[in-house]
Amino acid sequence: MTSLEHRTAAMDAILSDRALTVVRAPRIPDPVALADALAGAGIRAVELTFTTPGVLECIREIAAAGRAVIGAGTVLSREQAEAAIEAGARFLVTPGISEQVAEVAVRRDIPVVMGAFTPSEVMWAMELGAAAVKIFPARALGPGYLKDLRGPFPNVRLIPSGGVNAGNAADFLAHGAVAVTAGTDVVPPAAVAAGEWAEIASRAAAFVRALR
């Protein structure tokens, strides 16, 4: 698969499922089982963060299995971006604006979902080539803020993250988000570390049902 096909497939999965999952955990005992549990429940895009020990090896294992769309999150530098892509990450996510990460993503033709909060930051992210803009922390102003941002940015793909759960995810979508980020509501760090894949699959399925 070419880099352009990877780029298209990654964003297609996020936009089609209207969700991606961000995983932060002290350990991931079976990365493929985790990804399979999430993808099987309807959330194919799985973001593993650089705050997770051994994240690059986890990305390699999921990428090799090929049943989920694996991405790297909390990408803070050019070096991390390059390493994640070499490990098989098909999309990158940043907590804020990073010119270094944007440069790597654009050059390697890998979509980057860049973190922003203010209108100025949204503009900056788009100027740097972001495929979508992560509004973080979304809990700060809630779903109505997405509607406000859609006014000046009707064509920008906005993806809220931070504080999104099964109870409010549909509201974020109704107010203009193209997708939402499922975090600890779906993948509690303790459940991931304990390998509770059935529990995680059940939580993911409930989250997906809530989007409808």
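Residues numbered from 1 in each chain as written. Predicted model: local features only at pLDDT ≥ 70, side-chain atom pairs only at ≥ 80, totals over all residues. Heavy atoms only, no water.

Enquirer: So what's going on with helix α2 (residues 31-41)? Which residues, and what values?
Expert: Every α-helix carries 3.6 residues per turn, so stepping three or four residues along brings you back to the same face. Among the eleven residues in α2, nine count as buried, and that is most of the element. Every buried residue of α2 is accounted for by Pro31, Val32, Ala33, Leu34, Ala35, Ala37, Leu38, Ala39 and Ala41. Looking at the buried side of α2, the elements it contacts are β1 (19-23), β2 (45-49), α3 (55-65), α9 (189-193) and α10 (197-211). (Buried < 20%, exposed > 50% of the residue type's maximum accessible area, 1.4 Å probe, protein only. Helix = DSSP H or I, 4+ residues; strand = E, 2+ residues; numbered from the N terminus. Contact = heavy atoms within 4.5 Å.)

Enquirer: Talk me through helix α5 (residues 99-108); I want residue IDs and the actual numbers.
Expert: Every buried residue of α5 is accounted for by Val101, Ala102, Val104 and Ala105. Looking straight down α5, one finds its buried side chains confined to an arc of 165°; they lie on one side. Residues of α5 that are buried in the fold lie against α4 (78-87), β4 (92-93) and β5 (112-116). A positive phi of about 60° marks Asp109, the residue just after α5. (Arc of directions from axis to C-beta.)

Enquirer: I'd like a rundown of the pairing of β5, residues and numbers included.
Expert: The element β5 is extensively covered by neighbouring structure, given that five of its five residues are classed as buried. On β5, burial covers both faces: Val112, Met114 and Ala116 on one face and Val113 and Gly115 on the other are all buried. In this sheet, β5 lies alongside β4 in parallel orientation, the contact comprising two bridges. By the bridge assignment, Leu92 is partnered in β5 with Val112. Remark: the β4/α5/β5 crossover connection has right-handed handedness. With four bridges joining them, β5 and strand β6 (residues 132-135) adopt parallel strand pairing. (Pairing = 2+ DSSP bridges. Right-handed = clockwise from strand over helix to strand, strands pointing away.)

Enquirer: Which residues make up the nonpolar core, and what values do they have?
Expert: Among the nonpolar cores identified, the biggest contains 65 residues, and Val23, Leu34, Leu38, Leu48, Leu92, Val180 and Phe207 are the most heavily contacted of them. Per element, the largest residue contribution to this core is seven residues, and it comes from α2. In this view, Leu34 contacts Val23, Ile28, Leu48, Val187, Val192, Trp197 and Ile200; residues no more than four positions away in its chain are not counted. By size, the runner-up hydrophobic cluster in this structure holds 15 residues, among which are Met11, Leu20, Ala131 and Val178. (Core = buried A, V, L, I, M, F, W, Y, C linked by side-chain atoms within 4.5 Å.)

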